[in-house]
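# Overview (structure and organization)
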Amino acid sequence: MTSAEMYREHILDLYKNPHNYGELKNATHKFSEFNPLCGDEITIQLIINNNKIEDIKFTGKGCAISIASASLLTDEVKGKTIEQVKNLSSENIIKMLNIPLSSVRIKCALLSLDTLKIAIEK
Amino acid sequence: MTTNTDIKIQEIRKDFPILKTEVIYFDNAATSQRPQIVIDKLKEFMENENANINRGVYTLSEKAMIRFNESRKVIAEFIGAEEKEIVFTKNATEAFNLLAYTIKDLISKEKDEIVLSEMEHHSNLIPWQEFAKKHSFKLKFIKINSNYELDLDDAKEKITNKTAILSITQVSNVLGTINPVKELIKIAKDNKAITIIDAAQSAPNIKINVKDLNCDFLVFSSHKVLGPTGIGILYGKYEILNKLPPFNFGGGIIKNVTWENSTYIDAPERFEAGTQNVAEAIASAEAIKYLNKLRMENVEEIEKELLTYALEKLKEIKDIQIYNPGKDKSVDIISFNLKDIHCHDVASILNDYNICIRAGHHCCMPLMSKLNVAGVCRVSFSVFNTKQEIDKLIEALQKCQEVFKQ
């Protein structure tokens with residue numbers, strides 16, 4: 001695919017102004033992870049109460065795909081239960097992003113979900 | 001204006017079949033491309049001469065043995081070494097591991113430090129981290145200055161009589177920096193330290209003479225010098241190489257075997273247990289012969305011209321950060337970042353133009369943290385790259401900035 005298909009406006013907007021970016025005060029859960037396609041890292045912080053995600057924020061250095069994906073994911077999981085989060089799959093992420101992805105860049109897209117799933121266990 | 005070099009490059013391009021795909025290949029530091037004669041050699045050996053080497057009485061095996069030994073000689077001469085000083089490994093990484101596994105007994109008791117630099121590749125870092133943990137040694141790192149060069153004063157401070165090993169890259173795979181290894185080796189020798197040179201990025205780009213460098217060991221890989229994968233080269237000064245115990249055990253390295261015990265042959269075959277990558281070793285020598293025919297002086301000249309041109313053009317781009325010490329202190333490896341655009345995204349957009357660059361940490365994660373980046377973009381040239389390709393790179397980088405502009 002060409003970059004024109006990947007870097008659609010919604011992706012670029014979310015990269016430049018990601019939702020839920022920053023430090024979360026009073027976080028109950030936190031986890032950091034690196035992308036095996038080197039060069040991305042992400043930290044996810046959550047407030048989990050009564051098995052539900054009350055609030056979530058992320059920080060990190062990453063490419064447009066990983067940041068846009070983290071922005072969409074953190075919006076999606078606010079208010080959801082732990083069970084619902086555990087059931088999220090790579091297909092959900094790819095659908096949320098709504099762009100074609102090479103097998104290599106899929107790892108960028110999935111970094112936030114992989115990190116989130118570990119963070120909720122801690 | 002077409003230079004003599006441009007004309008030479010056009011001739012050289014005919015030798016590389018992959019260029020027919022019109023790929024703009026700027027990732028030669030990761031792996032180089034293969035000239036047709038190297039590819040043909042592999043095929044020819046497997047079609048007409050294939051047999052296992054060593055102790056085969058029949059002609060086919062004897063011929064394969066001769067070819068294999070000749071290959072060792074060609075590669076030895078390429079770096080100014082003797083045949084018996086060249087060990088074939090699987091790749092450069094394995095060569096470093098071989099040393100880390102076998103070198104302990106050569107180190108005097110009062111020495112417990114290993115000196116590396118801040119620009120080492122993981123393959124010349126992690127084996128020593130594990131060695132240090134196992135044997136309670138300390139690791140020290142020669143600092144990089146603000147011009148992406150090694151700080152020699154810091155080197156003189158860090159290399160002391162406690163230094164067991166100095167293991168340094170001759171050329172940085174990220175910064176392109178050519179290090180003053182001859183001088184560093186002298187300092188290490190004055191302190192009776194064992195010296196190891198990572199030549200993975202220097203062997204393709206600079207004429208090497210190990211006797212002139214006076215290093216104890218030197219490592220590089222064939223697939224970065226136009227050869228196939230599967231062959232790494234470990235050079236060791238014979239008197240020290242022959243003191244190392246075997247690293248891999250099995251057939252091919254023994255004098256005598258009983259039920260309980262084995263005795264081992266001399267270097268270099270002592271380190272080549274099991275069937276070696278015979279065809280690949282022979283094809284590797286073919287790659288070296290190709291470079292010899294081009295002459296390393298010409299290789300250096302071509303690459304200097306490409307480096308100079310690329311640095312000039314890259315510097316004209318707004319909002320670019322270049323991590324390179326300059327054309328007089330570097331080979332043709334240039335790392336850079338565009339402001340506020342992640343290196344993956346740059347590499348993706350460049351891919352639209354059929355331009356291959358590497359983006360990420362380049363197996364130098366500690367260096368990335370020193371540069372305070374998650375990753376960098378890297379272009380690395382070879383003898384078949386052109387200025388027109390560099391022009392396309394500049395165009396593509398400007399497109400990246402357009403896509404990501406605020």
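Please refer to the structure higher up on the page.
Figured I'd write up the structure that's included with this text. (Residues numbered from 1 in each chain as written. Chains lettered and ligands numbered in written order. Predicted model: local features only at pLDDT ≥ 70, side-chain atom pairs only at ≥ 80, totals over all residues. Heavy atoms only, no water.)

## Looking at the interface of chain A and chain B
Note the following rule: The contact rule is simple, with two residues in contact once any of their heavy atoms fall within 4.5 Å. Accessible area that two parts lose when put together, with a 1.4 Å probe and added across both, is what the buried area reports. The term salt bridge refers to a side-chain nitrogen of Lys or Arg lying within 4 Å of a carboxyl oxygen of Asp or Glu. Two N or O atoms count as a polar contact when they lie within 3.5 Å, although within protein this holds only if one can serve as hydrogen donor and the other as acceptor, and sequence-adjacent residues are included solely when both atoms are side-chain atoms. Numbered from the N terminus, helices here are DSSP runs of H or I no shorter than four residues, and strands are runs of E no shorter than two. For this classification, Asp, Glu, Lys and Arg are treated as charged, while Ala, Val, Leu, Ile, Met, Phe, Trp, Tyr, Cys and Pro are nonpolar and the rest, including Gly, are polar.
Facing 22 residues of chain A, the contacting portion of chain B comprises 19 residues. Together chain A and chain B conceal approximately 1,400 Å² of surface at their shared face, both sides included; 55% is due to carbon and sulfur atoms. In this assembly, chain A and chain B are joined by 1 salt bridge. Of the charged contacts, one joins D345 of chain B and R105 of chain A as a salt bridge, the two residues approaching to 2.8 Å between their closest N and O atoms. Scanning the region where chain A abuts chain B turns up 9 residue pairs in polar contact (both at pLDDT 80 or more). Listed by contribution, the elements that provide at least two residues to the side of chain A that touches chain B are α1 (3-6), α2 (9-16), α3 (64-77) and α6 (103-121) of chain A. Considering only residue class, the side of chain A that touches chain B consists of 13 nonpolar, 5 polar and 4 charged.

## Examining the packing of aromatic side chains
Spelled out, the test is: Pairing of aromatic rings covers Phe, Tyr and the six-membered ring of Trp, with a centre-to-centre limit of 6.5 Å; geometry is then stacked below 30 degrees between planes, edge-to-face above 60, and tilted otherwise. Residue burial is assigned from relative accessible area. The probe radius is 1.4 Å, only protein chains are included, and a residue is buried under 20% of its type maximum, exposed over 50%, and partly exposed in between.
Counted under the stated rule, the structure contains 12 aromatic pairs over all chains. Consider the rings of Y15 of chain A and F404 of chain B, whose centres lie 5.5 Å apart with planes at 90°: the pair is edge-to-face. You can see Y15 of chain A sitting in helix α2 and its partner F404 of chain B sitting in the segment after α14 (387-403), one on each of two chains. F404 of chain B shares its class with Y15 of chain A; the two are buried. Centre to centre, the rings of F68 of chain B and F88 of chain B are 5.1 Å apart; their planes meet at 50°, and the pair counts as tilted. With F68 of chain B in helix α3 (residues 59-78) and F88 of chain B in strand β2 (residues 86-89), this pair connects stretches of sequence that are 20 residues apart.

## Regarding the pattern of salt bridges
Residues and elements named next belong to chain B. Scanning the model with the defined rule gives 32 salt bridges over all chains in all. R378 is paired through a salt bridge with D27; the nearest N and O atoms lie 3.2 Å apart. Of this pair, R378 sits in strand β15 (residues 376-380) while D27 sits in the loop between β1 (24-25) and α2 (36-49); the two residues are 351 residues apart in sequence, bridging distant segments of the chain. With a relative accessible area of 5%, D27 lands in the buried category. The partner of K138 in a salt bridge is E113, and the shortest N-O contact between them spans 3.9 Å. Taken together, the residues K138 in strand β4 (residues 138-142) and E113 in strand β3 (residues 113-117) connect sequence positions 25 residues apart. K138 sits in the partly exposed class, given a relative accessible area of 49%. Connected via shared salt-bridge partners are D6, E305 and K387.

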